[in-house]
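Here's the letter readout for the chains.
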Amino acid sequence: MSDLRRIMLIVSYDGTAYNGWAEQTSTPNTIEGELNRAIGRLTGEDVHVIGASRTDAGVHAYGNVAVFDTASTIPGDRFIFAVNHELPQDIRVVESREVAGDFHPRHCDTEKTYEYRIVNRQTMDPTRRLYACHFSMPLDIGVMNDAAHYLVGEHDFTSFCNVESQALSHVRRIKDIRVTRNGDEVVISVTGNGFLYNMVRIIAGTLMQIGRGKGGPSEMKTILDKKNRAAAGPTAPPEGLFLMEYRFLEGIPGPEVDNAD
């Protein structure tokens, strides 16, 4: 039996200062890199976390998930305190626990929810400039919701995928998508079983174009059917995007218990 334990972290971060989640040889400035270094300082081990969602540069998260293996005797539910002591203030572990040794967050039946936030007024509110996209033209929320309805279900989302994507399939399932307004803030909330490279940001950019009157709601179906990135709207800026929640539909298996005498 392996002496290593697998620990799961739920991680919240302000992505403004980072070049995305995934560790890169060209820069140490990533969420994954900060976690690896923090856990390494804590345990004295060469740690490589496995992230559930590789968010892009400038994108924020309330609930990304990572796992790592360790021989440390620190209890799983205490890593939250120990790791946070080693992390910069714009990254925080909000939950930690020990899980089954073969649990892999990217190999599970899951649902993710993203929010895209838009400040919809003539001038940008400077206090929100790092956490929302600015769109000065009026947006028709009813039209945007009607257009978004065409995306619900299982579809080929090639039109809403960055052309540099290496995904073998562009078929994804959106369970729910809705657009709401609270004062001058418009929020696009999307829940699905998986998302392609830049998919939510392209959906947001396309909905903003339709919401300002560039095509009616049915234009969204036309764009979807074309399976061509050039048919959709622009990729909305990263600062408006938040990974809100990552749900494991079959639960999270706990560690195996050795009952041998």
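These notes cover the structure that comes with them. (Residues numbered from 1 in each chain as written. Predicted model: local features only at pLDDT ≥ 70, side-chain atom pairs only at ≥ 80, totals over all residues. Heavy atoms only, no water.)

## Thoughts on the packing of aromatic side chains
Right, on to step 1. What the rule picks out here adds up to seven aromatic pairs.
Right, on to step 2. Judged by centre distance (5.2 Å) and plane angle (65 degrees), the ring pair of phenylalanine 103 and phenylalanine 248 falls under edge-to-face. One end of the pair, phenylalanine 103, is in the loop between strand S4 (91-99) and strand S5 (110-119); the other, phenylalanine 248, is in strand S10 (residues 241-248), and 145 residues separate them in sequence. With respect to burial, phenylalanine 103 and phenylalanine 248 carry one shared label: buried.
Right, on to step 3. On the basis of an interplanar angle of 40 degrees and a centroid distance of 5.3 Å, the ring pair of tyrosine 246 and phenylalanine 248 is categorised as tilted. Phenylalanine 248 carries the same exposure label as tyrosine 246, and that label is buried.
Right, on to step 4. In textbook terms, an aromatic cluster arises when at least three aromatic residues are bridged by ring pairs, as seen for Phe103, Tyr246 and Phe248. (Phe/Tyr/Trp six-rings, centres within 6.5 Å; stacked < 30°, edge-to-face > 60°. Helix = DSSP H or I, 4+ residues; strand = E, 2+ residues; numbered from the N terminus. Buried < 20%, exposed > 50% of the residue type's maximum accessible area, 1.4 Å probe, protein only.)

## Considering the packing of helix H3 (residues 141-148) against helix H4 (residues 199-211)
Right, on to step 1. Contact geometry of H3 with H4 gives a least axis separation of 8 Å together with a crossing angle of 130 degrees. What the angle tells us is that H3 and H4 run oblique. The two elements H3 and H4 meet at a crossing, and its hand is right-handed. Seen from H3, the contacting residues are Val143, Met144, Ala147 and Ala148; seen from H4, they are Leu207, Met208, Ile210 and Gly211.
Right, on to step 2. Taken together, the residues of the contact of H3 with H4 sort by class into seven nonpolar, one polar and no charged. (Axes fitted to C-alpha atoms, helices over the stretch in contact; angles between N-to-C directions. Parallel < 35°, antiparallel > 145°, perpendicular 65-115°, else oblique. Left-handed = near helix turned anticlockwise from the far one by under 90°. Contact = heavy atoms within 4.5 Å. Nonpolar A, V, L, I, M, F, W, Y, C, P; charged D, E, K, R; others polar.)

## Thoughts on the packing of H4 against helix H5 (residues 219-226)
Right, on to step 1. At a minimum axis separation of 11 Å, H4 and H5 run at an interaxial angle of 145 degrees. Along this stretch, H4 crosses H5, giving a crossing that reads as right-handed. Together, Thr206, Leu207 and Ile210 of H4 and Glu219, Met220 and Ile223 of H5 make up the contact between the two elements.
Right, on to step 2. Split by residue class, the contact of H4 with H5 holds four nonpolar, one polar and one charged.

## What to know about H5
Right, on to step 1. For H5, the complete set of buried residues consists of Met220, Ile223 and Leu224. Buried residues in H5, looked at end-on, bunch into an arc of 100 degrees, giving them a common side.
Right, on to step 2. Buried residues along H5 sit against H3, strand S7 (153-156) and H4.
Right, on to step 3. Residue lysine 227 follows H5 closely and has a positive phi angle near 50 degrees. (Arc of directions from axis to C-beta.)

## Structural notes on unusual backbone geometry
Right, on to step 1. Even without glycine at this site, asparagine 198 takes up a positive phi of about 70 degrees.
Right, on to step 2. A residue is classified by how much of its surface remains accessible, and asparagine 198, at 10% relative accessible area, is buried.
Right, on to step 3. Positioned with a positive phi, lysine 227 is a non-glycine residue whose angle comes to about 50 degrees.
Right, on to step 4. Structurally, lysine 227 is set in the loop between H5 and S10.

## Section: the side chain of arginine 128
Right, on to step 1. On the secondary structure map, arginine 128 appears in the loop between S5 and strand S6 (133-134).
Right, on to step 2. Looking at arginine 128, its side chain comes within polar contact range of the side chain of aspartate 125, at 2.8 Å.
Right, on to step 3. Residue contacts for arginine 128: discarding those within four places in its chain leaves Val119, Arg121, Asp184 and Glu185. (Polar contact = N/O pair within 3.5 Å; in protein donor to acceptor, adjacent residues only side chain to side chain.)

## Thoughts on the environment of serine 96
Right, on to step 1. Among the secondary structure elements, serine 96 is positioned in strand S4.
Right, on to step 2. Note on serine 96: relative accessible area 8%, which makes it buried.
Right, on to step 3. On a C-alpha basis, the gap between serine 96 and glycine 153 in space is 33 Å, while along the polypeptide they are 57 residues apart.
Right, on to step 4. Contacts of serine 96, omitting those with residues within four sequence positions, involve Met8, Leu9, Gly76, Asp77, Arg78, Phe79 and Ile80.
Right, on to step 5. From its side chain, serine 96 meets the backbone oxygen of glycine 76 in a polar contact 2.7 Å long.
Right, on to step 6. Engagement of the side chain of serine 96 in a polar contact is seen with the backbone nitrogen of isoleucine 80, the distance being 3.0 Å.

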